[in-house]
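Letter by letter, the chains look like this.
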Amino acid sequence: MKKRVAILISGRGSNMGALVAAAKAPDYPAAIVAIIANKADAGGLDTARNEGIPAFAIPHRDYASKRDHEIAISAALKAAGAEIVCLAGYMRIMSPEFVGEWEGRMLNIHPSLLPLFKGLHTHEQALEAGVRVHGCTVHFVTAGMDEGPIIAQTAIRVDVDDTAETLAQRVLSVEHATYAEALALVASGKARMQGGRTIFAT
Ligand code: GRF
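Being a predicted model, the structure only gives us computed values, none of them experimental.

A. Broad picture of the environment of Arg49. Relative to the elements of secondary structure, Arg49 occurs in helix H2 (residues 44–50). Counting along the chain gives 14 residues from Arg49 to Ile35, while the straight-line C-alpha distance between them is 9.0 Å. What Arg49 contacts, discounting residues up to four positions off in sequence, is Ala55 and Phe56. At a separation of 3.1 Å, a polar atom in the side chain of Arg49 contacts the main-chain carbonyl oxygen of Ala55.

Here it is, written out as structure tokens:
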């Protein structure tokens with residue numbers, strides 16, 4: 001049985017598109033059942049609708065508090081029968097309650113080789129630090145931002161003439177396959193979170 005996956009986005013949704021594309025393979029262990037955005041104008045919503053996947057906005061601005069917004073998201077996830085949640089460029093920090101509800105079942109992609117360069121502007125941070133390799137990380141979501149156990153990473157070289165923009169582009173191009181691989185590991189049960197670590201089935 002394929003695991004039912006919902007994806008939360010805030011913007012263009014290229015990682016979401018990559019997961020949707022990967023999930024078309026008959027042997028992929030996950031099916032994408034819903035796309036939810038916290039902004040009505042998130043470009044990814046159109047991409048998802050064109051693919052025939054239920055896609056809708058639950059704008060945080062419509063709710064009095066962060067918790068009320070999360071309760072609405074939770075209800076939508078339950079209604080979709082989601083078993084796993086993938087954050088893909090979802091720009092909201094979640095409460096410990098929400099994170100706890102999805103512990104071990106919520107993934108995020110971050111554009112750096114964690115634990116380096118948490119937060120925003122990761123490509124600028126990498127250039128500033130002078131690292132010669134950079135990349136992306138897919139991890140389980142825990143209460144600490146960008147701190148959860150790592151599921152998959154891909155590294156790229158930093159070229160001498162790289163700018164934050166060229167780095168962002170090259171990292172994004174490896175994010176897509178990395179996310180698809182990480183979701184497959186979790187959906188198939190080959191990677192799971194236990195005791196604050198990722199356990200891989202061998
Ligand atoms: C990606 O770089 C992702 O790593 C970060 O936000 C960006 C989202 O891009 N969390 P997209 O919406 O998936 O195209």
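B. Geometry of the site of the ligand. Close contacts around the ligand come from Arg12, Gly13, Ser14, Asn15, Gly89, Ile109, His110, Pro111 and Glu175, and that covers them all. With respect to the ligand, the side chain of Arg12 contributes an N or O atom lying 2.5 Å from an oxygen atom. A distance of 2.7 Å is found between an oxygen atom of the ligand and a side-chain nitrogen or oxygen belonging to Glu175. Computed on the free molecule, the ligand has an accessible area of 370 Å², of which 85% lies beneath the protein chains in the complex. Contributions of two or more residues to the shell around the ligand are made by helix H1 (14–22) and strand E5 (106–110). Here the residues of the shell around the ligand sort into 2 nonpolar, 5 polar and 2 charged. Shared between two domains, the shell around the ligand holds at least three residues of each, these being domain 1 (1–102) and domain 2 (109–202).

Conventions used here
Per-chain numbering applies: the sequence of each chain, read as written, is numbered from 1 onward. In view of the model being predicted, local features appear only for residues whose pLDDT reaches at least 70, and side-chain atom pairs are presented and counted only at 80 or more, with totals across whole chains, interfaces and linings using the full set of residues. Each side-chain value is derived from all of the structure's non-hydrogen atoms; neither hydrogens nor water enter the calculation. Put simply, DSSP H or I for four residues or longer makes a helix, DSSP E for two residues or longer makes a strand, and each gets a number counted from the N terminus. Two residues qualify as a contact provided that any one of their heavy atoms is within 4.5 Å of a heavy atom in the partner residue. Any pair of nitrogen or oxygen atoms within 3.5 Å is treated as a polar contact; in protein, a donor-acceptor pairing is required on top of that, and neighbouring residues in sequence qualify only through side-chain atoms on both sides. Throughout, near means a residue has at least one heavy atom within 4 Å of the molecule or strand. Exposure was quantified through the Shrake-Rupley algorithm and a 1.4 Å probe, taking into account, for residues, occlusion by the shown protein chains and nothing else. Side-chain classes follow a simple rule in which Ala, Val, Leu, Ile, Met, Phe, Trp, Tyr, Cys and Pro form the nonpolar group, Asp, Glu, Lys and Arg form the charged group, and the remainder, Gly included, forms the polar group. Source of the domain bounds: an automatic or database domain assignment.

In short, shape yes, function no, at least from these values alone.
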